[in-house]
Amino acid sequence: MNFIKRMFLSPEMKTAVGILDEAEFNFKAHGTAFSHIRQPIDSGINSQSSAITKLIRDSGKHPRIWVYSMICNISGDYAESGQYHIYRGVLNPLGEKFLEIHDEAMKELVKLKEITEEVAMDQKSKLREGIASVG
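Reading the values: rules and limits
Residues numbered from 1 in each chain as written. Predicted model: local features only at pLDDT ≥ 70, side-chain atom pairs only at ≥ 80, totals over all residues. Heavy atoms only, no water. Helix = DSSP H or I, 4+ residues; strand = E, 2+ residues; numbered from the N terminus. Rg over C-alpha atoms; globule rule 2.2 N^0.38 Å. Buried < 20%, exposed > 50% of the residue type's maximum accessible area, 1.4 Å probe, protein only. Areas by Shrake-Rupley, 256 points an atom, 1.4 Å probe, with all protein chains shown as cover. Lys, Arg positive; Asp, Glu negative; His and termini not counted. Charge placed at Lys NZ, Arg CZ, Asp CG, Glu CD. Polar contact = N/O pair within 3.5 Å; in protein donor to acceptor, adjacent residues only side chain to side chain. Contact = heavy atoms within 4.5 Å. Core = buried A, V, L, I, M, F, W, Y, C linked by side-chain atoms within 4.5 Å. Phe/Tyr/Trp six-rings, centres within 6.5 Å; stacked < 30°, edge-to-face > 60°. Axes fitted to C-alpha atoms, helices over the stretch in contact; angles between N-to-C directions. Parallel < 35°, antiparallel > 145°, perpendicular 65-115°, else oblique. Left-handed = near helix turned anticlockwise from the far one by under 90°. Nonpolar A, V, L, I, M, F, W, Y, C, P; charged D, E, K, R; others polar.

Novice: What is the right way to look at the overall build of the chain in this model?
Specialist: When you go through the chain residue by residue, the secondary structure sums to six helices and two strands. Each helix and strand of the chain, ordered N terminal to C terminal, gives the series α-α-α-α-β-β-α-α. For the chain, the C-alpha radius of gyration of 15 Å lies close to 14 Å, the compact-globule estimate for 135 residues. Once the C-alpha set of the chain is aligned to its principal axes, its extents read approximately 45 × 30 × 25 Å. The buried share of the chain, taken over its 135 residues, is 41%. Approximately 7,500 Å² of the chain is accessible, and the part contributed by carbon and sulfur atoms is 56%. Charged side chains of the chain number 17 positive and 18 negative; the gap between the two group centres comes to 5 Å.

Novice: Just checking my understanding: could you explain unusual backbone geometry for this structure?
Specialist: Residues other than glycine predominantly adopt negative phi, and peptide bonds predominantly adopt the trans conformation. Even without a glycine there, the phi angle at lysine 113 is positive, about 65 degrees. As for its position among the elements, lysine 113 is in the loop between helix 5 (93–111) and helix 6 (117–133). Among the residues examined, lysine 113 registers a relative accessible area of 72% and is labelled exposed.

Novice: Explain the side chain of glutamate 12 to me, please; I cannot follow it from the model alone.
Specialist: By the secondary structure assignment, glutamate 12 is in helix 2 (residues 11–26). A distance of 2.8 Å separates the side chain of glutamate 12 from the side chain of arginine 57, its partner in a polar contact. When neighbours within four sequence positions are excluded, glutamate 12 is seen to be in contact with Thr53, Ile56, Arg57 and Pro63.

Novice: I keep staring at the nonpolar core and nothing clicks. Help me out?
Specialist: For soluble globular proteins, the rule of thumb is that nonpolar side chains tend to be buried together. With 35 residues, the main nonpolar core has Ile45, Tyr68 and Ile71 as its most contacted residues. Examining the composition of this core, we find that eight residues originate from one element, helix 4 (residues 63–80), more than from any other.

Novice: Help me out: how do you make sense of the packing of aromatic side chains in this one?
Specialist: Two descriptors summarise a pair of aromatic rings, namely the distance from one centre to the other and the angle between the planes of the rings. Applying the stated criterion across every chain yields a total of four aromatic pairs. Between tyrosine 78 and phenylalanine 98 the ring centres are 5.0 Å apart and the planes differ by 50 degrees, which places this aromatic pair in the tilted class. Here phenylalanine 98 lies in helix 5 and tyrosine 78 lies in helix 4, a separation of 20 residues in the sequence.

Novice: Got a minute to help me understand the packing of helix 4 against helix 5 in this structure?
Specialist: Helices that pack against each other are described as a pair by the angle of their axes relative to one another and the distance between those axes. Their axes nearest at 8 Å, the elements helix 4 and helix 5 cross at an angle of 150 degrees. Classified by the angle their axes make, helix 4 and helix 5 are roughly antiparallel. The element helix 4 and its partner helix 5 pack so that their crossing is left-handed. Two secondary-structure elements touch here, helix 4 through Arg64, Ile65, Tyr68, Ser69, Ile71, Cys72, Ser75, Gly76, Tyr78 and Ala79 and helix 5 through Gly95, Phe98, Leu99, Ile101, His102, Ala105, Met106, Glu108 and Leu109. Looking at the contact of helix 4 with helix 5, its residues break down into twelve nonpolar, five polar and two charged.

Novice: I keep staring at the packing of helix 3 (residues 33–59) against helix 5 and nothing clicks. Help me out?
Specialist: Put simply, helix 3 and helix 5 touch, their axes get as near as 9 Å, and they point 65 degrees apart. Taken as a pair, helix 3 and helix 5 cross one another with a handedness that is right-handed. Facing helix 3, whose interface residues are Ala33, Phe34, His36 and Ile37, helix 5 presents Leu94, Lys97, Phe98 and Ile101. Grouping the constituent residues of the contact of helix 3 with helix 5 by class yields six nonpolar, one polar and one charged.

Note that every value here comes from positions in space, so none of it alone points to a role or purpose.
Below, the structure is given as structure tokens:
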């Protein structure tokens, strides 16, 4: 996101962009996978900034929760889409990276006390069931 656009974002969106920058740094070991996840989040911030700001304010939650929820949702959707499978139930290397990012984002949501460890384990299990049935 360019500097001029960042200047006009709400404080919540500026924080979210900073958290995305941090996440990109933290997920750099996953190669290009995070850039695939970040692009739709950046697009949403650019096109729906007011709505996202309202959502964050109304929820009373920190933007970090919104960012990691989006990372989790998008990476899980990619892993389960079938587009990143070698064959049914087996992810290609990029799909594996999406799954790893999903699991790490889940850990962050547990750490933030947004979800419990049990909910995270259930979501991971359901994602793996979905991956096994697609491809």
